[in-house]
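# Descriptive structure summary
Now for the letters of each chain:
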Amino acid sequence: MRNKKKLNIVLAGQANVGKSVIFNHLTGLHQHIGNWAGKTVEKAEGTLFYKGYSIDVLDLPGIYSLTTYSLEELISREYIAVQKPDFVINVVSATNLERNLLFTLQLLELERPIVIALNMFDLIKHKGIEIDFQKLEELLNVPIVPTIGAQRKGLTKVLDSGIKLIRNSASKHKSLLKYGKEVEERIEVLIKDLANIKTLYPKRWLAIKLLEKDKAIEMLINNTGVLSKTKKLINELEKIHGHDSSIVIAQERCFLSSQILQKVMKITKPKKITLSEKWGNVTSHKFWGYLIMVTILLLMFLSVFQFGDWFSSMLEKIGSGFHTKWDAVFGVSVLASLAWSAIEGVIALIEIALPYIIPFYLILFLLEDWGYLARVAFLTDSFMHRMGVHGKACIPLILGFGCNVPACLSCRIMETERERFLTGFLTTLVPCAAVTVIIMGLVGKFVGIGWALGLYLFAIIVIFILGKIASKILPGEPTELIMEMPEYKQPNLKTVILQTWFRLKKFICIATPVVVISGVIIEAVRLLNGLPFIANLLSPITVNWLGLPSITGILLILGILRKELILVMLATLMGTTNFIEVMTPVQMITLALVSMFYIPCVATIAALWKEFGWKKTLIISLFEITFAIVIAGIISKILTILWI
Amino acid sequence: MEKELLLTDLEPNQKGEIVSVLGGAMATKRLADLGLSSGTKIKIIKKAPFSGPIKIEFYESRLVLGRGLASKILVKIIQNEE
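This is a predicted model, so every value here is computed, not measured.

This next bit is on the overall build of chain A. Tallying secondary structure elements over chain A gives 26 helices and 10 strands in all. By the compact-globule yardstick of 26 Å for 644 residues, chain A fits well, its C-alpha radius of gyration being 29 Å. Projected onto its principal axes, the C-alpha positions of chain A cover 85 × 55 × 55 Å. Sequence-distant contacts, at least 24 apart, represent 74% of the contacts inside chain A between residues at least 6 apart.

Right under this line is the structure:
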């Protein structure tokens, strides 16, 4: 008997089985969202204290299978096989048993102790489904606990079963399940051949993966004898079945899971169309669906910007009072100014984060938890495909309108590195809340709201065209959308708030140091009277090519810090907020255009760096600077001719 | 006797049985992992407008597939019993 007081467990399951709800209930605020070392895949960990045990819980990403299709899948299987958690909680949706079983079967092959949480057990009644879970327990040879994650039901029982498993020193799971004879025979042969190879993975699992032509495992084994034997066995299998061997095994799994299902599941009454299904039909309708989508998104933007505007102006008042007090206490000296610029950076972050990002996140996660975002992806997929990404990419892009930083971070929902990078690049072109301040405050106010909206339209067209071009240039195939369409459900407020909180924490961690440091540097340059010098240096671009006043050089440098500074400093340097006195409409439109595209702000650069590495960040930044200058110059020249 | 068509040619509420998947090994494997391989019976729930994705039902569960992927699936129509 093992008497360990510290346990390591993982939650594994497909997407949309209620895994994160269970994770949140188990760990509450004792959780930490980080990254897998060197990977852009999120790693959610938490700790829980239960019956004298300190249990570290790891929430693996929601995945469909344990093949090497996506980073998430690779990471998950490696973790389970190599790190050998004490036990695995496999969260399975009772409403989706057959497909979930396909994943469970693969999980069992990794031979760790497993408890199955048969989640959403309350929902199958409405669907007229009966599941004999005791029978299922017998067939799979794993403890199964029916749970209702949203109501916390069954969760302690899951933990109890897991702890019991360890106590009974069931360090390995013994599967009773067998594939078809032809496949099993070949697995046996390979297991014998693998006997002398040292590896952390279970031998049977390796054999299966080799027969499935798993590239990562072939590399791991790297033994010509075994690999050529594998090839021979694969050829035999393919001859018998007339399919690719990987398909043969996938079909074996399908067959096994449908056999199991036949024994444990009964459909007792025909399905009735529920209210949530009716609503689901309306929201993916070819006319009403789009109307509802536009309405919901507009409402979201309007309410976030209304609230943000009100709240940030209130915060600004508090902030400016702070500055006078600071000057009164420390006097006006170089050191005090530098220190103040550091503090100002923090205040600025608070002024953006609290009023804009928090409400944006809250609404977005609410929509996600409710099940709506999947509909948006469904409706926009064909449009997104034209710019080389699929429907899920619209979520980072929408986020980008609030702030590019979380938008970049959310690109992780895309499956492959290529898609992540492409989406990340496109989100940095989306006009964020700060750019909206410039567009509205400059163009909207002084040139006309039509021109302001025109700029937005222009941004969308640019994103579209650049996306199309980038997807052609980037190597690799575009991935197709495969997505679960969750049924609408009541959003879980706790999940929404926790999600918001953890994302916000991350935003602050990434953005604060960059904003503070670059703020201090720019303040130092200002104190050394370097700003006019820079303005002069940039004047061939700003004055000659773009036709802007030379002080805009200073603005564009400051704007890297926070884009709305462009407008704020314009007022300070020009000594007026009535910009029409000092700038022509064409100049205003040009300045807004440059601000929109010329470079991601420092916080976004930091986020890009974190997600994609410095090389790609540099490429994006340099490209956008060139692009913005070229396009704004051309447009400025065209407009000057047209305006007269 | 039974005509074979692409999954994308079926209309909502029509049912089909997968005959084969035409794509490369990657797409085929991906679909098989989801439970979509020859013999699986599929019902079309909805087709998104503008050649968007297709929502299908199989094994009591629903999934959305991109149109490109769906157009690689060859099916034969199952006539409704009712």
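Attention shifts here to the overall build of chain B. Looking only at helices and strands, chain B has two helices and six strands in total. Written out in order from the N terminus, the α and β elements of chain B read β-β-α-β-β-β-α-β. On C-alpha atoms alone, chain B measures out to a radius of gyration of 12 Å, which is about the 12 Å that the 2.2 N^0.38 rule sets for 82 residues. Across its three principal axes, chain B shows a C-alpha extent of roughly 35 × 30 × 25 Å. Evaluated residue by residue, chain B yields a buried proportion of 43% over its 82 residues. Long-range pairs, those at least 24 residues apart, make up 58% of the contacts in chain B between residues at least 6 apart in sequence.

Residue and element names in this part refer to chain B. Where strand 1 (residues 4-6) meets strand 6 (residues 73-78), three bridges bridge the pair, whose relative direction is antiparallel. Note that in strand 6 the partner of Leu-5 across the bridge is Val-75. Sheet topology note: the strand 2 (residues 15-21)/strand 6 ladder contains six bridges and is antiparallel. Residue pairing for strand 6: Val-21 is matched across the bridge by Ile-73.

Residue and element names in this part refer to chain A. With 35 residues, helix 21 (residues 493-527) ought to run about 51 Å at 1.5 Å a step, and its terminal C-alpha atoms sit 48 Å apart, in line with that. The largest bend along helix 21 measures about 30° and falls at Ala-511, with the proline Pro-513 one to four residues further on. One or two positions beyond helix 21, positive phi appears at Asn-529, with a value near 60°.

A few words on the sheet that holds strand 2 of chain B. Strand order in the open sheet formed by seven strands is 10(A)-5(B)-4(B)-3(B)-2(B)-6(B)-1(B), and the pairing between neighbours is antiparallel. Each edge of the open sheet carries a strand with a single partner, namely strand 10 (482-484) of chain A together with strand 1 of chain B. Within the sheet, the average angular offset between the axes of one strand and its neighbour, ignoring direction, is 40°. Here strand 10 of chain A runs beside strand 5 (residues 61-65) of chain B; their pairing, made up of three bridges, is antiparallel. Residue pairing in the sheet places Ile482(A) in a bridge with Leu65(B) of strand 5 of chain B.

Residues and elements named next belong to chain A. With 18 residues, helix 10 (residues 224-241) extends 25 Å from end C-alpha to end C-alpha; this agrees with the ideal 26 Å at 1.5 Å per step. Considered for burial, the residues of helix 10 that qualify are Thr-230, Leu-233 and Leu-237. The buried side chains of helix 10 occupy one side of the element, clustering within an arc of 70° when seen end-on. Away from its buried face, by an angle of more than 90 degrees, helix 10 presents the exposed residues Thr-224, Gly-225, Ser-228, Lys-232, Asn-235 and Lys-239. Where helix 10 is buried, its residues touch helix 7 (181-194), helix 8 (203-211) and helix 11 (245-264).

Moving on to the pairing of strand 3 (residues 41-47) of chain B. Residue and element names in this part refer to chain B. Sheet topology places strand 2 next to strand 3; three bridges connect them, and they run antiparallel. Considered in strand 3, the bridge of Glu-17 is made with Lys-41. Linkage of strand 3 to strand 4 (residues 54-58), two consecutive antiparallel strands, is achieved through a turn of six residues, within which Phe-50 is found at a positive phi near 55°.

With that out of the way, let us pick up the interface of chain A and chain B. Taken together, the 28 residues of chain A in the interface contact 28 residues of chain B. Elements represented by at least two residues in the side of chain A that touches chain B include exactly helix 3 (97-109), helix 11, helix 15 (372-385) and strand 10 of chain A. At five residues, the largest contribution of residues to the side of chain A that touches chain B is made by helix 11 of chain A. Split by residue class, the side of chain A that touches chain B holds 12 nonpolar, nine polar and seven charged.

Another aspect to go through is the nonpolar core. Residues and elements named next belong to chain A. Counting 199 residues, the largest nonpolar core has Val-115, Ala-117, Val-405, Ala-592 and Ala-603 as its most contacted members. Here the element with the most residues in this core is helix 14 (residues 334-370); it accounts for 11 residues. The residues contacting Ala-603, other than those within four sequence positions of it, are Val-405, Ile-510, Ala-511, Val-514 and Val-515.

Quick look at the domain arrangement of chain A now. Residues and elements named next belong to chain A. Split by domain assignment, chain A resolves into domain 1 (6-167), domain 2 (181-267) and domain 3 (288-643). In this assembly, 21 residues from domain 1 lie in contact with 22 residues from domain 2. When residues of the side of domain 1 that touches domain 2 are assigned to their parent elements, the largest contribution, six residues, is made by helix 3. Its residues assigned to classes, the side of domain 1 that touches domain 2 comprises 12 nonpolar, three polar and six charged.

A separate point is the confidence of the model for chain B. Caution applies to low-pLDDT parts of the model: their predicted coordinates are not meant to be read in detail. Of the residues in chain B, 93% have a pLDDT of 70 or more, and the chain-wide mean is 82. The ipTM assigned to the predicted complex is 0.82, against a pTM of 0.74.

Residue and element names in this part refer to chain A. Assignment of secondary structure puts Leu-349 in helix 14. Between the alpha carbons of Leu-349 and Thr-199 there is a distance of 49 Å; along the sequence they are 150 residues apart. Leaving out residues up to four positions away in the same chain, Leu-349 has contacts with Ile-508, Ala-511, Thr-512 and Val-515.

The next subject is the environment of Pro406(A). All names here are of chain A. Topologically, Pro-406 is positioned in helix 17 (residues 404-409). Taking the C-alpha atoms as reference points, Pro-406 and Phe-507, 101 residues apart in sequence, are found 6.8 Å from one another. Leaving out residues up to four positions away in the same chain, Pro-406 has contacts with Ile-357, Tyr-361, Leu-399, Arg-503 and Phe-507.

Procedures and definitions
- Residues numbered from 1 in each chain as written.
- Chains lettered and ligands numbered in written order.
- Predicted model: local features only at pLDDT ≥ 70, side-chain atom pairs only at ≥ 80, totals over all residues.
- Helix = DSSP H or I, 4+ residues; strand = E, 2+ residues; numbered from the N terminus.
- Rg over C-alpha atoms; globule rule 2.2 N^0.38 Å.
- Contact = placed C-beta atoms within 7 Å.
- Buried ≥ 20, exposed ≤ 12 C-beta atoms within 10 Å, placed from the backbone.
- Pairing = 2+ DSSP bridges.
- Expected span 1.5 Å × (residues − 1).
- Bend = angle between axes of the 7 residues up to and from the residue.
- Axes fitted to C-alpha atoms, helices over the stretch in contact; angles between N-to-C directions.
- Arc of directions from axis to C-beta.
- Nonpolar A, V, L, I, M, F, W, Y, C, P; charged D, E, K, R; others polar.
- Core = buried A, V, L, I, M, F, W, Y, C linked by C-beta atoms within 7 Å.
- Domains from an automatic or database assignment.
- pLDDT = per-residue confidence, 0-100.

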